[in-house]
Amino acid sequence: MKISARNQFRGKVARVTPGAVNAEVAVALAGGEEMVAVVTNESVKSLNLIDGAEVVALVKASSVLVMTEDSGLRLSARNRFEGKVTALETGPIHAAVTIGLPSGEAVHATVTHAACDALGLAEGVPATAVIKAPQVILGVPA
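Engineer: Any chance you could break down the sheet that holds strand β3 (residues 34-40) for me, citing the residues and the numbers?
Structural biologist: Spatially, 5 strands are ordered β3-β2-β1-β4-β10 in an open sheet, and the strand pairing comes out antiparallel. Looking at the sheet topology across the chains shown, the edges are occupied by β3 and β10 (137-139). Sheet twist, expressed as the average angle between the axes of neighbouring strands with direction ignored, equals 45°. With 7 bridges joining them, strand β2 (residues 22-29) and β3 adopt antiparallel strand pairing. Directly across from V27, in β3, lies its bridge partner M35.

Dropping the structure here:
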């Protein structure tokens, strides 16, 4: 299957924390990072999300926020990946930003031109990709 989500991270379930309706699923990514997803308890069962299960975490580039410096704000977003801008491609509507992580993984984001300018985005600039856990979709091999 092909999918339009630019961010596709392979990993293994590190832990599942069930709640009343949803569960938090921590995924140990191949590069050593951890990504947390919030999925329904029904998804945990139907996908057999148990410790050690292989998964793919999918995130649309439009769901990734970009920060370029510590604003002093505390964020509720669980997933924060620090790296450097390794590619910046401006198009007629948005800019595509690639943030390279120390592990070699990359996170792709799309931002407006105004945000690109306000953040001072350019290749080599330190940046953080921020992803809220409910924006992470988990898939398993068929």
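There is more to say, and it comes next.
Engineer: I'd like to hear about the pairing of β2, residue by residue, with values.
Structural biologist: Bridge count for strand β1 (residues 7-18) against β2 is 7 bridges, and the pairing is antiparallel. By the bridge assignment for β2, G11 is matched with L29. Hairpin remark: β1 followed by β2, antiparallel, with 3 residues in the connecting loop.

Engineer: Requested: an account of the side chain of T98, with residues and values cited.
Structural biologist: Counting through the fold element by element, T98 comes out in strand β7 (residues 94-100). For T98, the side chain forms a polar contact with the side chain of H108, separated by 3.1 Å.

Engineer: Hey, could you go over the nonpolar core for me, with residue numbers and the actual values?
Structural biologist: By size, the foremost hydrophobic cluster in this structure holds 33 residues, and its most contacted members are V25, M35, L49, V107, I131, V136 and L138. Among the elements of the structure, β1, β2, β3, β4 (54-59), β6 (79-90), β7, β8 (106-112) and β9 (126-131) are those that each provide at least two residues to this core. Here the element with the most residues in this core is β2; it accounts for 4 residues. Beyond its immediate sequence surroundings of up to four residues, M35 is in contact with F9, V25, A26, V27, L29, A57, V59, N79, F81, I131 and V136.

Engineer: Now, about the pattern of salt bridges: what can you tell me, with residues and values included?
Structural biologist: For the structure on display, the rule yields 2 salt bridges. Residues E34 and R15 are paired through a salt bridge, measuring 2.9 Å at the closest nitrogen-oxygen approach. Of this pair, E34 sits in strand β3 while R15 sits in strand β1, placing them 19 residues apart in sequence. Residues E24 and R78 are paired through a salt bridge, measuring 2.7 Å at the closest nitrogen-oxygen approach. In this pair, E24 is assigned in strand β2 and R78 in the loop between β5 (65-67) and β6, connecting sequence segments 54 residues apart. On the basis of relative accessible area, E24 is assigned to the partly exposed category, the value being 32%. Since its relative accessible area comes to 42%, R78 is described here as partly exposed.

Definitions and limits used
- Residues numbered from 1 in each chain as written.
- Predicted model: local features only at pLDDT ≥ 70, side-chain atom pairs only at ≥ 80, totals over all residues.
- Heavy atoms only, no water.
- Pairing = 2+ DSSP bridges.
- Helix = DSSP H or I, 4+ residues; strand = E, 2+ residues; numbered from the N terminus.
- Axes fitted to C-alpha atoms, helices over the stretch in contact; angles between N-to-C directions.
- Polar contact = N/O pair within 3.5 Å; in protein donor to acceptor, adjacent residues only side chain to side chain.
- Core = buried A, V, L, I, M, F, W, Y, C linked by side-chain atoms within 4.5 Å.
- Buried < 20%, exposed > 50% of the residue type's maximum accessible area, 1.4 Å probe, protein only.
- Contact = heavy atoms within 4.5 Å.
- Salt bridge = Lys/Arg side-chain N within 4 Å of Asp/Glu carboxyl O.

That's the geometry; what it means functionally is another story.
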